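Read off the chains here:
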Amino acid sequence: THLFIDAYGAEKKIIDSIILNDPSLHPDVIMVDVEEKINSIKDSQIVKTLENNKYVLIESILEKGSKEIPNSYKTIFRKK
């Protein structure tokens, strides 16, 4: 029912593979660490993909990175 994805940049590929499955098998909640180089969470390809597949962003928290670690958004999506 719940899925957590933190794959160091491979999150979009994982989500794309999940979306290819029967929608009745999709998790109810997806928590994903979005690590794209974006100015706003709404610019994320991950967010757009999930929203286009009947998920709603219910929480997003920006975690500032450093020189070695990129910024990331800790997000939670719920199936509509």
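A quick note: this is a predicted structure, and the numbers were derived from the prediction, not measured.

1. Some points on the side chain of Ser44
Moving on, step 1. Turning to its location among the elements, Ser44 is positioned in the loop between strand E2 (29–34) and helix H2 (45–51).
Moving on, step 2. On the accessibility criterion, Ser44 (0% relative accessible area) is buried.
Moving on, step 3. Those residues in contact with Ser44 that lie beyond four places of it in its chain are Val34, Glu36 and Ile38.

2. Regarding the pattern of salt bridges
Moving on, step 1. If you walk through the whole model with that rule in mind, you get 5 salt bridges.
Moving on, step 2. Notably, a salt bridge pairs Asp16 with Lys12, separated by 2.8 Å at the nearest N-O pair. Within this pair, Asp16 and its partner Lys12 are both found in helix H1 (residues 11–19), separated by 4 residues, close to a single helical turn.
Moving on, step 3. A residue is classified by how much of its surface remains accessible, and Lys12, at 25% relative accessible area, is partly exposed.
Moving on, step 4. When the shortest N-O distance is used, the salt bridge between Lys74 and Glu63 registers 3.5 Å. Here Glu63 lies in strand E3 (residues 55–63) and Lys74 lies in strand E4 (residues 72–79), a separation of 11 residues in the sequence.
Moving on, step 5. By relative accessible area, Lys74 is classed as partly exposed at 31%.
Moving on, step 6. Its relative accessible area of 44% is what places Glu63 among the partly exposed residues.
Moving on, step 7. A cluster of three or more residues bridged by salt bridges with shared partners is formed by Asp33, Glu63 and Lys74.

3. Section: the pairing of E2
Moving on, step 1. Counting buried residues in E2 gives 5 out of 6 residues, a clear majority hidden from the surface.
Moving on, step 2. Relative to E2, strand E1 (residues 2–5) runs parallel, the two being bridged by 4 bridges. Paired with Ile5 across the strands is Val32, a residue of E2.
Moving on, step 3. A crossover links E1 with its parallel partner E2, the connecting element being H1, and its sense is right-handed.

Conventions adopted
Residues numbered from 1 in each chain as written. Predicted model: local features only at pLDDT ≥ 70, side-chain atom pairs only at ≥ 80, totals over all residues. Heavy atoms only, no water. Helix = DSSP H or I, 4+ residues; strand = E, 2+ residues; numbered from the N terminus. Buried < 20%, exposed > 50% of the residue type's maximum accessible area, 1.4 Å probe, protein only. Contact = heavy atoms within 4.5 Å. Salt bridge = Lys/Arg side-chain N within 4 Å of Asp/Glu carboxyl O. Pairing = 2+ DSSP bridges. Right-handed = clockwise from strand over helix to strand, strands pointing away.

What is shown is where atoms sit, not what they do.
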